[in-house]
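Secondary and tertiary structure notes
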Amino acid sequence: MNILFEEKDVEILISTMNRDSLDFLVPMFSSLDYSKISILIINQVEIETKLSSSFPNIRVINSFEKGLSKSRNLALENAIGNILLISDDDVVFQEGFIAKIIGAYNKYPKASVIKFCALRSNEMPLNKYSANSKSHLNAFDILNTSSIELTLNRFQVDFRKYRFDENFGLGGIFEMGEEAVFLSDFKKDGKQLIFEPEIIVAHNNSTSSEKRDILDKYFISGALFTRIFKEKYIFWIFIKMFFDLKQKKIKFKNIKTVLKSAKNGHEKFERIQHENK
């Protein structure tokens, strides 16, 4: 028997740092009343900075840990909504976004994850999106996913098993790629990963990936592709290199240098895996 989801089933999981006021929610919900939306805020703080909420629908957990993936995992452990929306503290939710999410899950009730669309501040798409729904995300879709595009179905996901890998993401050893690792674990187990071409959020700042230099990106990719593709990691490094050459992000004279950086990332991840056994 399928569950019919309602708007009250949605809970937004916001990761933030060093907040002592809920004022940051105002621009995030500029055209909406956030006092009527279920929200869980993970506020990673120093000892002297704490956040509290007087709204019954807004819960706050102050955490003394550091790292974005740690924040995401703490949110998942404490979430109470049936449909969970992953969020940062610098996005702007678009009008009607909850109805779009509910409509998608009532269309695909067995989906573990539904990926939606996000905009940049100039109203250009955050990523290259298909104009049509996708019933399965492929490896390229997964590698080109931002966490703010993701929603999760708690009826289909056991968060004791599916967690963000804390080696990846801001504050981790490899400061990108946590979304791709997270989704790849679902895909490996045959979970249903859907894409819906509906815009739910806008992001006003550059992404962490865009701020990194090319050698850092290849170092992280060496670790990321090892985590996801194991011994086939070098094949995916060559695919990345092909596209970067085509888009003139690197030059032929840089190939040896970026390959060395990717190998360093691969070896670093392998050492971490060995140490954790």
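What comes next concerns the included structure. Numbering of residues begins from 1 in every chain and follows the order in which that chain's sequence is written. Totals for whole chains, interfaces and linings use all residues, but because this is a predicted model, local features are given only for residues with pLDDT of at least 70 and pairs of side-chain atoms are given and counted only at 80 or more. Neither water nor hydrogens contribute to the side-chain values; these are computed over all heavy atoms in the structure.

Here's the deal with the pattern of salt bridges
- The term salt bridge refers to a pairing of a side-chain nitrogen on Lys or Arg with a carboxyl oxygen on Asp or Glu at a separation within 4 Å. Tallied over the entire structure, the rule returns 17 salt bridges.
- Linking K70 and E166 is a salt bridge whose minimum nitrogen-to-oxygen distance equals 3.1 Å. Residue K70 is found in helix α2 (residues 68–78), and its partner E166 is found in the loop between β7 (150–153) and α5 (178–188); the two are separated by 96 residues along the sequence.
- A relative accessible area of 28% places K70 in the partly exposed class.
- Connected via shared salt-bridge partners are K70, E77, R163 and E166. The secondary structure listing takes helices from DSSP runs of H or I that are at least 4 residues long and strands from runs of E that are at least 2 residues long, numbered from the N terminus. Here the term buried applies to any residue with accessible area under 20% of the maximum for its type, exposed to any over 50%, and partly exposed to those in between, with areas from a 1.4 Å probe on protein chains only.

Notes on the packing of aromatic side chains
- Pairing of aromatic rings covers Phe, Tyr and the six-membered ring of Trp, with a centre-to-centre limit of 6.5 Å; geometry is then stacked below 30 degrees between planes, edge-to-face above 60, and tilted otherwise. Counted under the stated rule, the structure contains 19 aromatic pairs.
- Considering the side-chain rings of F140 and W236, the 5.2 Å spacing of their centres and the 55° angle between planes classify their relative orientation as tilted. With F140 in helix α4 (residues 139–143) and W236 in helix α7 (residues 233–246), the pair connects residues that are 96 residues apart, well separated along the chain.
- The exposure class of W236 is buried, given its relative accessible area of 12%.

Regarding unusual backbone geometry
- Positive phi values are uncommon outside glycine, yet N18 reaches one of about 55°.
- One non-glycine residue with positive phi stands out, namely K248, at about 60°.

Focus on the packing of helix α6 (residues 214–229) against α7
- The N-to-C vectors of α6 and α7 enclose an angle of 140°; their axes lie 8 Å apart at closest approach. Here α6 and α7 pass one another in a crossing that is right-handed. Of the residues in α7, those touching α6 at I214, Y218, S221, G222, F225, T226 and F229 are Y233, W236, I237, K240, M241 and D244.
- Just so you know the grouping, Ala, Val, Leu, Ile, Met, Phe, Trp, Tyr, Cys and Pro go in nonpolar, Asp, Glu, Lys and Arg go in charged, and all remaining residues, Gly too, go in polar. Split by residue class, the contact of α6 with α7 holds eight nonpolar, three polar and two charged. Geometry is summarised by axes, namely lines fitted to C-alpha atoms with helices restricted to the contacting stretch, and by angles between N-to-C directions that run from 0 to 180 degrees. Left-handed describes a crossing whose near helix is turned anticlockwise from the far helix through less than a right angle; right-handed describes the clockwise counterpart. Working rule for contacts: check all heavy atoms of both residues, and any pair within 4.5 Å makes them a contact.

Section: the side chain of E196
- For E196, the location among the structural elements is in strand β8 (residues 193–203).
- Taking the relative accessible area as the measure of exposure, E196 reaches 9% and is therefore buried.
- Throughout this description, a polar contact denotes any pair of N or O atoms lying within 3.5 Å of each other; where both atoms belong to protein, one of them has to be capable of donating a hydrogen while the other can accept it, and for residues adjacent in sequence the pair is counted only when both atoms sit in side chains. A polar contact of 2.3 Å, which involves the side chain of E196, links it to the side chain of S133.
- Residue contacts for E196: discarding those within four places in its chain leaves A104, K107, Y108, I114, K115, F116, C117 and S133.

Here's the deal with the nonpolar core
- Throughout this description, the term nonpolar core refers to a set of buried Ala, Val, Leu, Ile, Met, Phe, Trp, Tyr and Cys residues connected via side-chain atoms within 4.5 Å. Core analysis: the biggest nonpolar cluster contains 46 residues, and L13, L76, L152 and F186 have the highest contact counts within it.
- Among the elements that take part in this core, α6 stands out by supplying seven residues, more than any other.
- Each residue touching L13, except ones within four places of it in the same chain, is listed here: L40, A75, L76, A79, L84, L85, I86 and S87.
- Core analysis: the next-biggest nonpolar cluster, separate from the first, contains 35 residues, V10, F97, Y108 and I194 among them.

A look at the packing of α5 against α6
- Contact geometry of α5 with α6 gives a least axis separation of 10 Å together with a crossing angle of 10°. Judged by the inter-axis angle, α5 sits roughly parallel to α6. Where α5 abuts α6, its residues A180, V181, S184 and D185 lie against L224, R227 and I228.
- Residues belonging to the contact of α5 with α6 are distributed by class as follows: four nonpolar, one polar and two charged. In this scheme, roughly parallel covers angles under 35 degrees and roughly antiparallel covers those over 145, while 65 to 115 is roughly perpendicular and the rest are oblique.

A closer look at helix α8 (residues 255–275)
- Look at α8: 30 Å from first C-alpha to last across 21 residues, which is about the 30 Å you get at 1.5 Å a residue.
- Those residues of α8 that fall on the buried side of the exposure criterion are V258, S261, A262, G265, H266, F269 and I272. Projection of α8 onto a plane perpendicular to its axis shows the buried side chains occupying an angular sector of 140°, all on one side. The exposed set on the far side of α8, more than 90 degrees from its buried face, consists of K256, K260, H274 and E275.
- Elements in contact with the buried residues of α8: α6 and α7. Multiply 1.5 Å by the residue count of a helix minus one, and that product is the helix's expected span. Our arc is simply the arc of the directions from the helix axis toward the C-beta atoms.

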